[in-house]
Every structure is written in C-alpha cells, then in structure tokens.
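Notes for the structure review
Listed below, chain by chain, are the residues.
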Amino acid sequence: MFPVEAFERTIAKFVVIAEAIELPFHLTGGSISSAYGEPRLTQDIDFVVSPDVAKRRIEDLIQQFASSDFLFTETVVRQAVETGDLFQLLDKSESLKLDIYPRELIPGELQRSVQMELFEGVMLPVVCQTDAALSKLIWIDKGSQRSRRDLRGIFRNCDSPQQSHIRQRATQMNLLALLEEVLSEPDEIR
C-alpha cells in the first residue's frame, strides 16, 4: 500500500501539467468512490481530462510529460487522445500509476465537477457524486465486479433528490434494471 503522501505528490505533479496547458480535469475512480462511499484500497489514480483541449494542446501535453517525472509512451498518448481511449502515466519517483481518460463517460461531467479537500489544505476538482454513481453503473454494465460495491456505497450516501436523479438517468441509459439489481445485493458475502 502506498502512503497517502505519495498519492498527494503524484497528483500534484499531474495538476501542475494540466494547469500549465489549461487542461480541464477532475479525479474519478476508486479514490473518489472511497470519498463518496466506503473506503477501499486503490493502486492507481484516475483522471478525466477534456478531450477537446487535450486534442488541441497535444504537442504541449507531450512536451510537459517529457519534462516531468512521468514515464509514458508518446504514440500511445497521441492515439488515446485522438480516440478517447485510456492512456497511462507512471510516476518514476513514487511508482504510482495514473489512468488518464481523455473523454467524458457521462456527457458534461467535467462541467459538474465539485471541489473537494482530498488532502489537508488541498482542494481539487472531482467527479460529482451522481456522475460517480452513474459511471460505476456503466463500468458494471461492462463487467466490473468491484464497481458493484462502490455503487452501493455511493448511492447510500446520496440524498433523496440525488438518488432520484441517478434512477432517472439510469432509466434513460436503459440501465435501471441493473441499478436495482446491484442496489439489492448484500455488501457481505454469504
């Protein structure tokens, strides 16, 4: 398990790069699921970045990565930004992996980011709670078992209007039956 300080240092390195090229981003994934639901171990850090800005500023992005502590493969980054697929960065000094998604899984999610204090005195943009739940639902639909418990934890910590919004969006995405199935599952193995 990595110390919290390692996560903070690695995130700070990415934030410096994103801010240098004015690349909108927010944190998502397991670390944010823990903030909204139940704490769990995570071995990587997930970011969503603006696909439009990433495409427009690809040369600057590559240049920033090249002069940073991150290991990356330039051709993979270029292709991922072009197609909206995941690319990864490895922080050489902390040995932490970043998963960078140059696309919005939930349309408009970057505009709904919220500021959260993830480390003492450090406010960062994170995926909003309802979008976090909906993205977990999409990952469950793609086969993620870990996301099932994450979704239940996030959903339980939503207020009534947020839960209604999640159900409404799940209906629009033809995933309401899956949502109800996951919500009815026990957290503990029987």
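Scroll up for the structure.
This report concerns the structure included in the present document. Note that the structure is a prediction, hence the values are computed from the model and not measured. (Residues numbered from 1 in each chain as written. Predicted model: local features only at pLDDT ≥ 70, side-chain atom pairs only at ≥ 80, totals over all residues. Heavy atoms only, no water.)

1. Remarks on the nonpolar core
One finds Phe14 and Phe47 to be the most contacted residues of the largest nonpolar core, which totals 53 residues. Looking at this core element by element, the count peaks at 7 residues for helix H1 (residues 4-20). Once residues within four sequence positions are removed from consideration, Phe47 is found in contact with Ile11, Phe14, Phe25, His26, Leu27, Thr28, Leu98, Asp99, Ile100 and Tyr101. (Core = buried A, V, L, I, M, F, W, Y, C linked by side-chain atoms within 4.5 Å. Buried < 20%, exposed > 50% of the residue type's maximum accessible area, 1.4 Å probe, protein only. Helix = DSSP H or I, 4+ residues; strand = E, 2+ residues; numbered from the N terminus. Contact = heavy atoms within 4.5 Å.)

2. Points about the pattern of salt bridges
Throughout the structure, instances matching the rule amount to 16 salt bridges. Across the pair Asp150 and Lys136 runs a salt bridge, and its minimum N-O distance is 3.1 Å. One end of the pair, Asp150, is in helix H7 (residues 146-156); the other, Lys136, is in helix H6 (residues 129-141), and 14 residues separate them in sequence. We classify Asp150 as buried; its relative accessible area is 7%. Lys136 sits in the buried class, given a relative accessible area of 8%. Here Glu181 and Arg148 are joined by a salt bridge, their closest N and O atoms 2.7 Å apart. With a gap of 33 residues between them, Glu181 in helix H9 (residues 176-184) and Arg148 in helix H7 connect regions that are remote in the sequence. When its relative accessible area of 41% is taken as the criterion, Glu181 is described as partly exposed. With a relative accessible area of 11%, Arg148 lands in the buried category. One salt-bridge network, held together by shared partners, links Arg148, Arg152, Arg156, Glu181, Glu185 and Asp187. (Salt bridge = Lys/Arg side-chain N within 4 Å of Asp/Glu carboxyl O.)

3. Concerning the pairing of strand E5 (residues 96-101)
Successive residues of a regular strand alternate their side chains across the two faces of the sheet. The element E5 is largely enclosed, with a buried count of 5 among its 6 residues. Two strands pair when backbone bridges link them, and strand E4 (residues 87-91) and E5 are joined in this way by 5 bridges, in the antiparallel orientation. In the strand pairing of E5, Asp91 is matched with Leu96. (Pairing = 2+ DSSP bridges.)

4. Describing the side chain of Arg169
Assignment of secondary structure puts Arg169 in helix H8 (residues 160-172). One buried charge, Arg169, has no salt-bridge partner; the nearest side chain with opposite charge is Asp131, at 4.7 Å. Setting aside chain neighbours within four positions, we find Arg169 in contact with Ile106, Pro107, Arg112 and Leu134. (Lys, Arg positive; Asp, Glu negative; His and termini not counted.)

5. Some points on the packing of aromatic side chains
Going through the model one piece at a time under the given rule, you end up with 6 aromatic pairs. Ring plane angle 65 degrees and centroid distance 5.8 Å describe the contact between Phe25 and Phe47, whose orientation is recorded as edge-to-face. One end of the pair, Phe25, is in strand E1 (residues 25-28); the other, Phe47, is in strand E2 (residues 44-49), with 22 residues separating them in the sequence. Given a relative accessible area of 10%, Phe25 falls into the buried group. Each member of the aromatic cluster is reached from another via a ring pair, and the members are Phe14, Phe25 and Phe47. If you follow Lys142 out to its NZ or CZ, it ends over the ring of Trp139, 5.8 Å from the centre. (Phe/Tyr/Trp six-rings, centres within 6.5 Å; stacked < 30°, edge-to-face > 60°. Lys NZ or Arg CZ within 6 Å of the ring centre and 35° of its normal.)

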